[in-house]
Amino acid sequence: MKKRRGVNYLFCLIFIGACTAGGNQNGNIAPEEILTNYLAGDIIISVSDAYEMYDQDTSGVTLLDIRDQSLFSKSHELGAVHLPYNEMMHAKPQSFPNYKNQVFLVYSDQFTKAVDAFFVLKKKGLPNVKVIQGNFSEEAGMLVDISMDARYNYSDEFEKAKKRFEQKPVAPPPVVIPKRKVITQKKKVVEEEEGC
């Protein structure tokens with residue numbers, strides 16, 4: 001069992017290195033590579049393992065809360081760093097402390113949002129990102145394990161997130177100026193010229 005785990009771990013390291021090297025010049029990787037990275041490796045981490053990992057290395061592990069400011073202000077995990085999802089889109093990798101060596105454990109009150117955040121962070125070039133397998137509960141004031149929740153199919157969650165991430169925003173329709181307005185503007189110009 002240990003030998004197999006070691007082989008899987010080695011494969012994951014090689015694969016993650018290949019994915020990171022295969023990105024563009026900024027170190028970013030494509031959504032397809034991110035999904036493959038997820039399928040090949042250990043991206044989802046249980047709530048208990050996340051707590052244990054954070055307790056063992058608080059300087060090398062960051063609990064990243066991506067909920068809105070109002071929710072974070074009410075309650076959050078002790079020691080968590082707050083970066084709302086909508087601000088994450090504009091954040092530069094350098095704004096994350098020690099981002100190349102830090103392990104980021106992402107959580108939200110909705111697992112789907114945490115998966116989306118995973119794609120954003122990986123696209124920005126953060127190498128060590130994991131999604132906590134739990135939703136933050138305001139009532140409990142802590143993460144609640146969702147590993148036994150039949151509503152979640154993790155492969156589907158990542159596949160859907162990849163599709164959402166790849167969708168390009170629809171351009172707004174061009175502004176059409178009514179003809180009447182154009183004619184009125186032309187008349188004004190002509191009348192002003194004749195009056196001079």
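Everything in this summary refers to the structure shown in the same document. Per chain, residues are indexed from 1 in the order of the written sequence. Per-residue local features of the predicted model are confined to residues with pLDDT of at least 70, and side-chain atom pairs are confined, for both listing and counting, to 80 or more; whole-chain, interface and lining totals are unaffected and use all residues. Only hydrogens and water are removed before side-chain values are computed, so all heavy atoms of the structure are retained for them.

What about the environment of Leu83?
Numbering of helices and strands runs from the N terminus, with a helix taken as a DSSP run of H or I at least four residues long and a strand as a DSSP run of E at least two residues long. In this fold, Leu83 is placed in the loop between strand S3 (81-82) and helix H5 (85-88). A sequence separation of 17 residues divides Leu83 from Ile66, and the C-alpha atoms of the two residues are 5.1 Å apart. Here, residues are in contact when the closest pair of their heavy atoms is within 4.5 Å. Dropping the residues within four chain positions of it, Leu83 is found in contact with Leu64, Asp65, Ile66, Met88 and Phe96.

Some details on the side chain of Glu77
Here Glu77 is to be found in the loop between helix H4 (69-74) and S3. N or O atoms closer than or at 3.5 Å make up a polar contact, with two conditions inside protein: a donor-capable atom paired with an acceptor-capable one, and, for residues adjacent in sequence, both atoms drawn from side chains. Within polar-contact distance, the side chain of Glu77 engages the side chain of Tyr51 at 2.6 Å. Discounting residues that sit within four places of it in the chain, Glu77 has contacts with Tyr51, Leu63, Tyr107, Phe136, Met142 and Leu143.

Topic: the pairing of strand S5 (residues 129-137)
Note on classification: 1.4 Å probe, protein chains only; a residue is buried when its accessible area is under 20% of the maximum for its type, exposed when over 50%, partly exposed between these limits. Extensive coverage of S5 is indicated by the burial of nine of its nine residues. Any two strands are treated as partners once DSSP identifies two or more bridges connecting them. Where strand S1 (residues 44-45) meets S5, two bridges bridge the pair, whose relative direction is parallel. Bridging from a neighbouring strand, Ile44 pairs with Val131 of S5. In this sheet, S5 lies alongside strand S4 (residues 103-108) in parallel orientation, the contact comprising four bridges. Bridge pairing links Val106 to Val131 in S5. Here, the term right-handed applies to a crossover whose path from the first strand over the helix to the second runs clockwise when the strands point away from the viewer. Considered for its hand, the β-α-β crossover made up of S4, helix H6 (residues 111-123) and S5 is right-handed. Here S5 pairs with strand S6 (residues 142-145) via four bridges, running antiparallel. The residue of S6 that forms the bridge with Gly134 is Asp145. Counting the residues between successive antiparallel strands, the hairpin from S5 to S6 contains four residues, one of them, Gly141, with a positive phi of roughly 70°.

These figures capture arrangement, not role.
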